[in-house]
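Notes for the structure review
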Amino acid sequence: MEEKTTSLKKTARVTGLLYFLLAVGGIYSVMIVSPKIIVANDILATAKNMLTNEFLFRTSIASDLIINTLFVTIVLLLYRLFKQVNEF
């Protein structure tokens, strides 16, 4: 029983860490990249910003891929954590 509790605590801590990384990646995408790349109602200016800040745009794409992977991993870990709640 004690091993199961230790395993659940470890899973909970990993899930919390992944949530934190998800938040950091989201903040990077929304607060740092978006204002420098996206110009509201001006597609040409946005495209120019993408070409000018190509590295920033590429890191944004990589960040989005990592965020989506983290999100799927978090869902699986939460399933693992709460699976025993519905057991009879």
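Residues numbered from 1 in each chain as written. Predicted model: local features only at pLDDT ≥ 70, side-chain atom pairs only at ≥ 80, totals over all residues. Heavy atoms only, no water.

Turning next to the overall build of the protein. When you go through the protein residue by residue, the secondary structure sums to three helices and zero strands. Its C-alpha atoms give the protein a radius of gyration of 19 Å, clearly above 12 Å, the size a compact globule of 88 residues would have. Counting every position in the protein, which comprises 88 residues, the buried fraction comes to 20%. Long-range contacts, defined as pairs at least 24 residues apart, comprise 70% of the intrachain contacts of the protein with a sequence gap of at least 6. Surface accessibility of the protein: about 7,100 Å² in total, with carbon and sulfur atoms responsible for 69%. (Helix = DSSP H or I, 4+ residues; strand = E, 2+ residues; numbered from the N terminus. Rg over C-alpha atoms; globule rule 2.2 N^0.38 Å. Buried < 20%, exposed > 50% of the residue type's maximum accessible area, 1.4 Å probe, protein only. Contact = heavy atoms within 4.5 Å. Areas by Shrake-Rupley, 256 points an atom, 1.4 Å probe, with all protein chains shown as cover.)

Next up on the list: helix H3 (residues 54–82). For H3, with 29 residues, the first-to-last C-alpha span of 42 Å sits near the 42 Å given by 1.5 Å per residue. Taken together, the buried positions of H3 are Leu56, Ser60, Ser63, Ile67, Leu70, Ile74, Leu77 and Leu81. (Expected span 1.5 Å × (residues − 1).)

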